Amino acid sequence: MKVRDVFFHEIYKKTKQGEDIVIVSSDIGAPSLDDFRRDFPNRFINVGIAEQNLLAVSSGLQLAGKKVVAYALNPFPVTRAFDQVRNIMASLQIPLTVTALNAGTCSAEAGYTHMPIENISMVRTLKNLQVVNPSDETIAKRLAHAVVEEPYPRYVQFDKYIEGELYAERDIDFQTGFITNGKEGKVAVVAYGTMAHGLMGLGLPVKVIDCYCLPVQEEKFVQEIEGCSQIVTVEDGVVEGGIGSMVLELLNDRGMQIPVARKGLRFQKGYPNVFTNREMLWQEEGLALSGLEQEIKELCGG
């Protein structure tokens with residue numbers, strides 16, 4: 001099951017058990033929401049294609065004592081409603097869970113305007129905000145529990161192609177923000193979302209650090225990378241301000257000198273001016289898994 005549907009199925013079950021949950025949508029649905037809308041029609045509100053209003057209405061319901069999940073299409077809850085994210089969630093710390101379908105280039109068929117490739121860079125500038133990129137179904141399920149048990153301002157990106165389980169529920173801790181997988185070695189690969197999911201399937205002789213929730217717990221993260229001779233960061237988003245920038249900032253602030261190779265979207269020839277797809281963009285930008293696999297193996301001396 002896709003990560004978005006796992007999340008909403010779990011939200012439905014919690015509402016059925018008596019939790020006072022309201023879903024506010026910006027004119028977007030999902031098959032996994034059909035049962036919720038049928039059984040709880042008064043708890044599903046459609047505000048139309050109006051992301052700024054989505055956050056304003058959701059914050060009012062949250063302040064009235066509801067547990068609110070806002071739902072929209074990426075990149076618009078950030079690019080169109082950044083002022084509301086900044087002031088309602090980060091500044092006032094109203095514990096909304098803002099969820100959005102699409103991450104990175106998964107919606108490339110709709111053109112550049114519908115690719116949330118700058119969103120991570122933008123929301124990383126905000127304090128008091130968790131940014132969640134589920135790389136498997138377990139994280140999505142645990143996230144539904146956190147809506148009820150650990151209310152906090154959260155922005156969630158659901159990649160519409162991620163499915164399957166990689167982790168046990170006990171391994172997920174949104175305060176730590178990352179999980180280390182693979183083999184101990186001198187090379188660490190840092191990723192999130194679809195890139196973390198794909199890289200773990202390659203069986204590379206490296207440790208893969210899945211940063212599924214930002215910000216990560218910095219000291220624990222530094223302990224994971226301090227013995228490495230090389231770090232590779234891989235993200236399905238622009239490199240400026242992304243996960244690679246996060247790693248460089250952590251190293252610089254501690255005077256640590258470890259080479260970092262940043263792999264991400266650079267668009268040196270300009271933004272795509274044609275309708276394309278994820279695979280073609282990855283190929284053009286050096287993010288195809290086959291190419292990454294070879295590059296990482298070479299760094300490991302293989």
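Above this text is the structure in question.
Conventions and cut-offs
- Residues numbered from 1 in each chain as written.
- Predicted model: local features only at pLDDT ≥ 70, side-chain atom pairs only at ≥ 80, totals over all residues.
- Heavy atoms only, no water.
- Helix = DSSP H or I, 4+ residues; strand = E, 2+ residues; numbered from the N terminus.
- Rg over C-alpha atoms; globule rule 2.2 N^0.38 Å.
- Buried < 20%, exposed > 50% of the residue type's maximum accessible area, 1.4 Å probe, protein only.
- Pairing = 2+ DSSP bridges.
- Contact = heavy atoms within 4.5 Å.
- Axes fitted to C-alpha atoms, helices over the stretch in contact; angles between N-to-C directions.

Participant: Break down the overall build of the protein for me, with residues and values.
Facilitator: Check the secondary structure of the protein and you find twelve helices and twelve strands. Computed over its C-alpha atoms, the radius of gyration of the protein comes to 19 Å, within 12% of the 19 Å expected for a compact globule of 302 residues. Counting only C-alpha atoms and orienting by the principal axes, one finds that the protein spans roughly 60 × 45 × 35 Å. In the protein, buried positions account for 56% of the 302 residues.

Participant: So what about the environment of Glu-295? Which residues, and what values?
Facilitator: Looking at the element boundaries, Glu-295 is found in helix 12 (residues 289-299). Along the primary structure Glu-295 and Val-232 are separated by 63 residues, whereas in three dimensions their C-alpha atoms are 9.9 Å apart.

Participant: Pulling in residues and values, what's your account of the pairing of strand 3 (residues 67-73)?
Facilitator: Look at any regular strand and the pattern is simple: side chains alternate between the two faces of the sheet. Of all seven residues in strand 3, five are buried; the element is thus mostly enclosed. Bridge count for strand 1 (residues 21-25) against strand 3 is five bridges, and the pairing is parallel. What sits directly across from Val-22, in strand 3, is Val-68. As paired strands, strand 3 and strand 4 (residues 97-101) are joined by five bridges and run parallel to one another. Counted as the bridge partner of Val-69 is Thr-97 from strand 4.

Participant: Would you mind going over the environment of Pro-116 in detail, with residue names and values included?
Facilitator: Note on placement: Pro-116 falls in the loop between strand 4 and helix 6 (119-123). Given the relative accessible area of 2%, Pro-116 is considered buried. Along the chain, Pro-116 and Gly-237 lie 121 residues apart, while their C-alpha atoms are 7.7 Å from each other. Residues in contact with Pro-116, not counting those within four places in the same chain, are Asn-74, Pro-75, Asn-102, Ala-103, Gly-104, Ser-107 and Gln-157.

Participant: So what's going on with the sheet that holds strand 8 (residues 187-191)? Which residues, and what values?
Facilitator: Spatial ordering of the open sheet is given by 7-9-8-11-12, a layout of five strands whose pairing is mixed. The open sheet has two free edges, formed respectively by strand 7 (179-182) and strand 12 (260-265), since each of these has just one partner strand. Pairs of neighbouring strands in the sheet enclose a mean axial angle of 20°, with direction left out of account. Here strand 7 pairs with strand 9 (residues 207-210) via four bridges, running antiparallel. The residue bridging Ile-179 from the neighbouring strand is Asp-210, located in strand 9. The sheet strands contacting helix 9 (residues 218-225) are strand 7, strand 8, strand 9 and strand 11 (230-238), and the helix crosses strand 9 at an angle near 165°.

Structural measurements only, silent on function.
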